[in-house]
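Chain residues, written in single-letter form:
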Amino acid sequence: MKYITIVAKDFETAVKKAHLEYGHSIRIHSRRDISRRGGFLWLKNSPYVEIVCYVASTKNSSSLSILDEKQKETPHTQENFDKKEILNEEIEQTNLISREIKEDSQPSLKDTLLSHATQLLEENQFSKNCINILISLLSEELKEITENLSITELELLLVDKIVSLIAIDHETQLHPPHFLIVLGPTGTGKTTTIAKIGALYSLQHEDEYRHSVHFITLDDYRVGASEQLKAFGDSLHINVDLIRDEQEMYRIIQQTQEIDVVIVDTVGRSPKDKELTLKMNTMLSLIPSEQKRIYIALSGSMKSEDILTSIEMYSSYPLQSIIITKVDETKSIGSILSIAYEKNLPLLFFTDGQHVPSDIHKASTATMLSFLHGFSLDFESMWANQSNLFFHQQ
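Residues numbered from 1 in each chain as written. Predicted model: local features only at pLDDT ≥ 70, side-chain atom pairs only at ≥ 80, totals over all residues. Heavy atoms only, no water.

Successive residues of a regular strand alternate their side chains across the two faces of the sheet. Burial analysis of strand β4 (residues 179–183) places five of its five residues in the buried class, the great majority of the element. Burial along β4 is two-sided: the residues F179, I181 and L183 and L180 and V182 are all buried. Relative to strand β7 (residues 261–265), β4 is paired through four bridges, and the arrangement is parallel. In the sheet register, F179 faces β7, and the bridge partner there is V262. Bridging between β4 and strand β8 (residues 292–299) involves five bridges; their strand directions are parallel. The residue of β8 that forms the bridge with V182 is Y295. (Buried < 20%, exposed > 50% of the residue type's maximum accessible area, 1.4 Å probe, protein only. Helix = DSSP H or I, 4+ residues; strand = E, 2+ residues; numbered from the N terminus. Pairing = 2+ DSSP bridges.)

See below:
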């Protein structure tokens, strides 16, 4: 007896292929599933079917064909009975294999969990690159887990992977530099953010965390900029100086040696303005490099393209970390978290309102996750645990 092997993407296709090549005298002997790696990030198995067939004799084939097509009444001879039994067995085998194929086509629990994780990341506007990395890490983790996971347990694993990618600037939070310089494009709320940072460092209850603070601004271009910072300084009992030239900058550097933290408000115009950029670079270069750190303020509501453009414009400065402002004006911060990871920039603070000093929060796991949405986990309780621990609220 001649046996033939047919491989196709599913059982029905394999049978059709066999009938097309060998006619209706073909009979199924056995069937075997073949799984091949494929799909998104090679995380799925692609099913194939291999069937082994044999060609029935011409006589038997003709008899069965006549029986099927004409459905004539014939005497119940032993030969006819055997033929019907063979036909019934083949029909039952076909139905069984079809049921198995249908069951195999259902997504596995792992695929369902990874699909849920991908949906959460897309909903929070993480970049494609970050999503690929996080799903790959999550997939590797799931390989080591033999027990079935709930959605909540999966989300905890996903949170762990997100946190592992995003660095936090704890050093500046606890030990700010002598000169804390804040850069950023116009519209990010830089001046208000500087006032909040000053309040955060100066209004601590405990002496070991309280710092003396001084404000200086280089922004004499924007109307009312220095007056705004002066108003904040008066309410917080923090001195403010407007610096217009190198001589004034040098004087302030000498006069503030006993101050713990001098926070510098810079011009919020584009660094592409060559004259303005040259003047600001000259001013900042007078500050000893070992005494200063430079930070960039970026609005959480900015588009990914604008965030990347801003970072690129200030790339000539040694950026220490990111201050994310106006988080209350955006639905998600996944895009800026993705860029923070891709540009290897830690997070320093989040700001989410106009109130000074209350609407500023140090970057932490709890605060970062509280701005994510779509999760079944209770991130609000994490937020509550962080409140009022780092700053005194008037």
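Past the structure itself, the notes keep going.
On average, residues of the chain score 81 in pLDDT, and 77% of them reach the 70 mark or higher. Note that residues 37–44 has pLDDT below 50 and, in this model, 18 contacts with residues that lie over four places away or in other chains. Scored below 50 in pLDDT, residues 385–394 makes 24 contacts in the model with residues more than four places away or belonging to other chains. (pLDDT = per-residue confidence, 0-100. Contact = heavy atoms within 4.5 Å.)

Bringing the packing of helix α5 (residues 128–143) against helix α6 (residues 151–165) into the picture now. Look at α5 against α6: their axes get within 10 Å of each other, and the N-to-C directions meet at 130°. Classified by the angle their axes make, α5 and α6 are oblique. The hand of the α5/α6 crossing is right-handed. Between α5 and α6, the residues in contact are I133, L134, L137, L138, E141 and L142 and L154, L157, L158, K161, I162 and L165, respectively. Here the contact of α5 with α6 is built from residues that sort into ten nonpolar, no polar and two charged. (Axes fitted to C-alpha atoms, helices over the stretch in contact; angles between N-to-C directions. Parallel < 35°, antiparallel > 145°, perpendicular 65-115°, else oblique. Left-handed = near helix turned anticlockwise from the far one by under 90°. Nonpolar A, V, L, I, M, F, W, Y, C, P; charged D, E, K, R; others polar.)

Looking now at the nonpolar core. Membership of the largest hydrophobic core comes to 63 residues, with the highest contact counts inside it found for F126, L347 and F350. Ignoring any residue separated from it by four or fewer positions in sequence, one finds L347 in contact with I166, A167, I168, D169, Q173, I322, I324, L337, A340, A363 and M368. (Core = buried A, V, L, I, M, F, W, Y, C linked by side-chain atoms within 4.5 Å.)

Now for the packing of aromatic side chains. How two aromatic rings sit relative to each other is given by the distance of their centres and the angle of their planes. For the coordinates displayed, the defined rule picks out three aromatic pairs. Where Y314 meets Y317, the ring centres are 6.2 Å apart and the plane angle is 45°; that geometry is what we call tilted. Taking 5.2 Å as the distance between ring centres and 45° as the angle between the ring planes, the aromatic pair formed by F350 and F371 counts as tilted. Taken together, the residues span a long stretch of sequence, with F350 in strand β10 (residues 347–351) and F371 in the loop between α14 (365–370) and α15 (379–386) at a distance of 21 residues. We note that F350, like F371, is buried. (Phe/Tyr/Trp six-rings, centres within 6.5 Å; stacked < 30°, edge-to-face > 60°.)

This part is about the environment of I307. With respect to the secondary-structure elements, I307 resides in helix α12 (residues 304–313). Note: C-alpha distance between I307 and S335 (28 residues apart in sequence) is 9.0 Å. For I307, the residues in contact, after removing those within four places along its chain, are L298, M302, S335, I336 and I339.

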